[in-house]
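Tertiary structure, described
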Amino acid sequence: LEKNLAEVRSRIAAACAAAGRDPGEITLIAITKTQPPSDVLLLHELGLTDFGENKDQEAAPKAAACAGQPIRWHFVGQLQTNKASSVARYADVVHSVDRVRLVRALGAAAGKAGRELTCLVQVDLDTPADPARGGVPPGQVLEVAEAIEAEPGLILGGVMAIAPLDADPAQAFVPLRSCSLTVRAVNPTATIISAGMSADLEAAIGNGATHVRIGTALLGARRPPVR
């Protein structure tokens, strides 16, 4: 893990150098889905504070197992409204907000839990749009951003995207800059651009990503899914 983390940090530094950016601008989120809580704790000992999960049924018990540690949990998967109450109890940031109904469910859940959730608008970069992957087309970003900003208990944080399959990520991520400006027009502090995974973090950083979501490059191949 220490070797993998050093290699990922080196890639981030090189990508920032190529883009004329400061590596200190980049938050590394370790995606630990299908990995045990022990890996979270080991990476935390190595200095990571941000961890991401994409399924509530795995994330909730993992967060509980790591309770007491200063860990910031990111929920990055597609989210059904009926899971909002559970996610609101442990997540600090929800990356996958893509509809007003979900905004309202998260707002109600955050209020009930007595917490504040930072929410990112997930942008669908597929052309045509791919509902199976989540996200809203760039033209609908403003509607979701305004709903988050208006919802008590929620903090508008920025935007998130996944590069389309079989597309050049360097080109696919280009629309994120304008989407980010749209969100920042609603709230100037909503500067997060969550983009880039193990295979395309360089392209994401070149297009302004502030948060990269890294799983395989840190932890190796996924384990069989938790059932």
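Report on the accompanying structure.

Quick notes on the rules
- Residues numbered from 1 in each chain as written.
- Predicted model: local features only at pLDDT ≥ 70, side-chain atom pairs only at ≥ 80, totals over all residues.
- Heavy atoms only, no water.
- Helix = DSSP H or I, 4+ residues; strand = E, 2+ residues; numbered from the N terminus.
- Rg over C-alpha atoms; globule rule 2.2 N^0.38 Å.
- Buried < 20%, exposed > 50% of the residue type's maximum accessible area, 1.4 Å probe, protein only.
- Contact = heavy atoms within 4.5 Å.
- Areas by Shrake-Rupley, 256 points an atom, 1.4 Å probe, with all protein chains shown as cover.
- Lys, Arg positive; Asp, Glu negative; His and termini not counted.
- Charge placed at Lys NZ, Arg CZ, Asp CG, Glu CD.
- Salt bridge = Lys/Arg side-chain N within 4 Å of Asp/Glu carboxyl O.
- Expected span 1.5 Å × (residues − 1).
- Phe/Tyr/Trp six-rings, centres within 6.5 Å; stacked < 30°, edge-to-face > 60°.
- Core = buried A, V, L, I, M, F, W, Y, C linked by side-chain atoms within 4.5 Å.

**Brief notes about the overall build of the chain**
Assigned secondary structure in the chain consists of 10 helices and 8 strands. In summary, the chain has a C-alpha radius of gyration of 16 Å against a globular reference of 17 Å for 227 residues, a match within 12%. Taken over the C-alpha atoms alone, the chain extends approximately 45 × 40 × 30 Å along its principal axes. Each of the 227 residues in the chain was classed as buried or not, and the buried ones make up 51%. Of the contacts formed within the chain by residues at least 6 apart in sequence, a portion of 60% connects residues at least 24 apart. Taken as a whole, the chain presents about 10300 Å² of accessible surface, with 53% of it coming from carbon and sulfur. Averaging the coordinates of the 22 positive side-chain charges in the chain and doing the same for the 24 negative ones gives two points 5 Å apart.

**Here's the deal with the pattern of salt bridges**
Oppositely charged side chains can pair when the atoms bearing their charge come close. On inspection of all chains with the given rule, the structure shows 8 salt bridges. E7 serves as the salt-bridge partner of K3, at 2.8 Å between the closest nitrogen and oxygen. One end of the pair is K3 and the other is E7, both in helix α1 (residues 2-19) and 4 residues apart, which spans about a single turn. Take E7: its relative accessible area is 40%, and that puts it in the partly exposed class. A salt bridge links R11 to E202; the shortest N-O distance between them is 2.8 Å. Taken together, the residues span a long stretch of sequence, with R11 in helix α1 and E202 in helix α9 (residues 201-206) at a distance of 191 residues. Overall, the relative accessible area of 26% leaves R11 in the partly exposed class. Beyond isolated ion pairs, a larger network of salt bridges with shared partners links E53, E58 and K62.

**Considering helix α5 (residues 100-113)**
The end-to-end C-alpha distance of α5 is 20 Å, a good match for the 20 Å that 14 residues give at a rise of 1.5 Å each. Those residues of α5 lying buried are V100, L102, V103, A105, L106, G107, A109 and A110. In the core, the buried residues of α5 are packed alongside α4 (84-90), β4 (93-97), β5 (117-123), α6 (141-150) and β6 (154-161).

**With respect to the packing of aromatic side chains**
The full count for this structure, using the stated rule, is 1 aromatic pair. With a centroid separation of 6.1 Å and 50 degrees between ring planes, the pair formed by F51 and W73 is classed as tilted. Of this pair, F51 sits in strand β2 (residues 50-53) while W73 sits in strand β3 (residues 72-75), and the two are 22 residues apart along the sequence. For F51, a relative accessible area of 0% gives the class buried.

**Side note on the nonpolar core**
In terms of nonpolar packing, the biggest core is built from 65 residues, with I12, V94, L106, V121, I148 and L176 touching the most fellow members. Per-element accounting of this core gives the leading share, 7 residues, to α5. For V121, the contacting residues outside a window of four places in its chain are H95, V97, V136, V141, V144, A145, I148, L156, G158, V159, M160 and V183.

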